[in-house]
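# Breakdown of the fold
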Amino acid sequence: MAPQDVRVRFPPSPTGNLHVGNVRSALFNYAFARHYGGTLVLRIEDTDVARSTEESYNNVLDSLNWLGITWDEGPDVGGPYGPYRQSERTEIYRGVVDKLVESGAAYPCYCTTEEREAREKARGGDTIGYDGFCRDLTADRIAAYEAEGRPHVLRIRMPEGEIAFDDLVRGHVVFDTRNVPDYAIVRSNGEPLYTLVNPVDDALMGITHVLRGEDLLSSTPRQIVLYRALSRIGVGSGITPRFGHLPIVMGEGNKRLSKRDKGAGLEEYRERGFLPEGLMNYLALLGWSISDDRDVFTMAEMAEAFDIRRVNANAARFDHKKCEAINAAHIRLLSAEDLATRITPFLQAAQYVATPPTPDEQQLLIGAAPLIQERLTCLSEAVDKLAFLFIPDQELAIEPGAALKAEEGPVLQASRTALADVTWDHASIEAALRSALIDGLGLKPRKAFGPVRTAVTGSKVSPPLFESMELLGRGSSLTRIDRALATVPRG
């Protein structure tokens, strides 16, 4: 379907936190390029000077690197078609605009907003959008407007008839140009608009395929007309890219997932401790699957199997629970050392672990990681689950809801006695406590081990008790039991 020289692009605007819908587009372009051994171009669309910031630009690069999306050409790595930031391509656009006007493909429009609105009101809604009033102005009328000092925008002259193309996701698509009015490509202050710079850059950078969200489908006929106009004036290769419009991502209430919705911004997932491979795996499922009976896979496996023709055109609903489940599945695939490394920044942020971790802390993290691995949905949850291991014995507080009762005092005393001289490994700890509490006191396991868990962790819920005590060590475990005994009410 595609040659080896596939060239696709991801063109984010540096105007804030990346939206997961945009990340999904980046992922599909990445997989498409890697599947065919092609080129992924990172192009920064920063012509919106008022909203674009250097901080957001750096955030884009950092976010994509965190996600594992690598590009072959871009502002930081260079390439034969640079510069790759649109703010640095102004002279290129001016040269193209001059040629478009000379060829008649573009024309100046001097209409004011009030004039356009008045004509639209008089038409009664018979014509959608701009009515082409300035399409065929005489030279005298243009000269008169210029003499007045009237500002003007530049518009593309849309042809009559139909614009048709074969969408890689949606099949054959047809637009009637009566519903696509002449559109502006340059503001009255001379600034180029997205409607110009996006197709111009595609043409000059040799982009062969454009994979993007369904919300941009309506702009496609305008861009196709501009690609053709660019070809006629010798700009670019003369090839119109193939389009593939990805399914819209839906949020709550059967509405498109917007930037304001919970779970829409990439930064939220980084802060919660999602694995990039887990998040990317889930985003891939929003419109595509590697097979009917498999949900968990890597980006490399996706790239190997990716076929744009298998993307579902129907809207994809963002399911937060499914996203968490996929992430949890990837957490379970990590080695103990890798998981320990990944949870470390969260424990450091909570000031439980030093920066960098001490050798003892590092060993404790590696030992503790497997105890919580099956229980984690995201990495940040490790803080609450493991804090007790790093809190000094004298500072450990028992949670209000876990306060010990008078009848639990004998349980702790028997535990203290049983553990005093036992070999300190989890199997020996378990055997000693079972013998003392279940066989000796006749308690059920929950009644037997619950007070010990509270004493050594400060909570009724913790990682596996005996393994946790082994990690804590004999000294800390016994000290904590002694401190808990002192809090037990007298019967």
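Residues numbered from 1 in each chain as written. Predicted model: local features only at pLDDT ≥ 70, side-chain atom pairs only at ≥ 80, totals over all residues. Heavy atoms only, no water.

### A short note on the pattern of salt bridges
Cut-off, in case you're wondering: Put simply, a salt bridge is a Lys or Arg side-chain nitrogen that is within 4 Å of an Asp or Glu carboxyl oxygen. Starting at the N terminus, helices and strands are each numbered in turn, a helix being any DSSP run of H or I of at least four residues and a strand any DSSP run of E of at least two. Categorising residues by exposure relies on relative accessible area from a 1.4 Å probe, with only protein chains included: less than 20% of the type maximum marks a residue as buried, more than 50% marks it as exposed, and the intermediate range marks it as partly exposed.
Inspection of the entire model under this criterion finds 32 salt bridges. Linking Arg170 and Glu214 is a salt bridge whose minimum nitrogen-to-oxygen distance equals 3.4 Å. Here Arg170 is found in the loop between strand 5 (162–167) and strand 6 (171–176), whereas its partner Glu214 is found in the loop between strand 8 (209–213) and helix 7 (220–232), with 44 residues between them in sequence. Given the relative accessible area of 22%, Arg170 is considered partly exposed. Among the ionic contacts, a cluster of salt bridges with common partners joins Arg9, Arg43, Glu45, Arg89, Asp201 and Asp202.

### Notes on the packing of aromatic side chains
Which entries qualify depends on this criterion: The aromatic pairing rule takes the rings of Phe, Tyr and Trp, using the six-membered ring of Trp, and pairs them if the centres are within 6.5 Å, calling planes under 30 degrees apart stacked, those over 60 edge-to-face and the rest tilted. Whether a charge lies above a ring is judged from NZ of Lys or CZ of Arg, which has to be within 6 Å of the ring centre and within 35 degrees of the ring normal.
As enumerated under the stated definition, the model contains 12 aromatic pairs in all. Seen from their ring centres, Phe28 and Phe306 are 5.5 Å apart, and the 70 degrees between their planes marks the pair as edge-to-face. Placement of the pair is Phe28 in helix 1 (residues 20–35) and Phe306 in the loop between helix 10 (299–305) and strand 11 (316–317), with a sequence separation of 278 residues. Considered together, Phe28 and Phe306 belong to a single accessibility category, that of buried residues. Aromatic side chains Phe165 and Phe175 sit 6.4 Å apart centroid to centroid with 10 degrees between the ring planes, which places their arrangement in the stacked category. Of this pair, Phe165 sits in strand 5 while Phe175 sits in strand 6, and the two are 10 residues apart along the sequence. For Phe175, a relative accessible area of 18% puts it in the buried group. One aromatic cluster in this structure is built from Phe28, Trp288, Phe297 and Phe306. Of note, Arg85 hangs over the ring of Tyr57, and the distance from its end group to the ring centre comes to 3.8 Å.

### What about the environment of Asn312?
Short version of the rule: Contacts: residue pairs with any heavy atoms within 4.5 Å of one another.
Here Asn312 shows up in the loop between helix 10 and strand 11. For the pair Asn312 and Gly287, spaced 25 residues apart in sequence, the C-alpha to C-alpha distance is 4.9 Å. Apart from residues lying up to four places away in sequence, Asn312 is in contact with Val169, Pro247 and Gly287.

### Thoughts on unusual backbone geometry
The linkage connecting Gly82 with the following residue, Pro83, adopts the cis geometry, with an omega of 0 degrees. Mapped onto the elements, Pro83 comes out in the loop between helix 2 (54–67) and helix 3 (90–103). Residue Pro356 follows Thr355 across a cis peptide bond; omega there is -5 degrees. Here Pro356 shows up in the loop between helix 12 (336–349) and helix 13 (359–372). Even without being glycine, Gln351 reaches a positive phi, approximately 65 degrees.

### Quick notes on the pairing of strand 5
Let me state the cut-off plainly: The criterion for strand pairing is that DSSP finds at least two bridges linking the strands in question.
Here strand 5 shows a buried face lined by Ile163, Phe165 and Asp167 and an unburied face lined by Glu162, Ala164 and Asp166. Alignment of strand 5 against strand 6, held across six bridges, turns out to be antiparallel. Bridged to Ile163 within strand 6 is Phe175. Hairpin connection, strand 5 to strand 6: the antiparallel pair is bridged by three residues.

So far we have only geometry, and geometry alone does not tell us how the molecule works.
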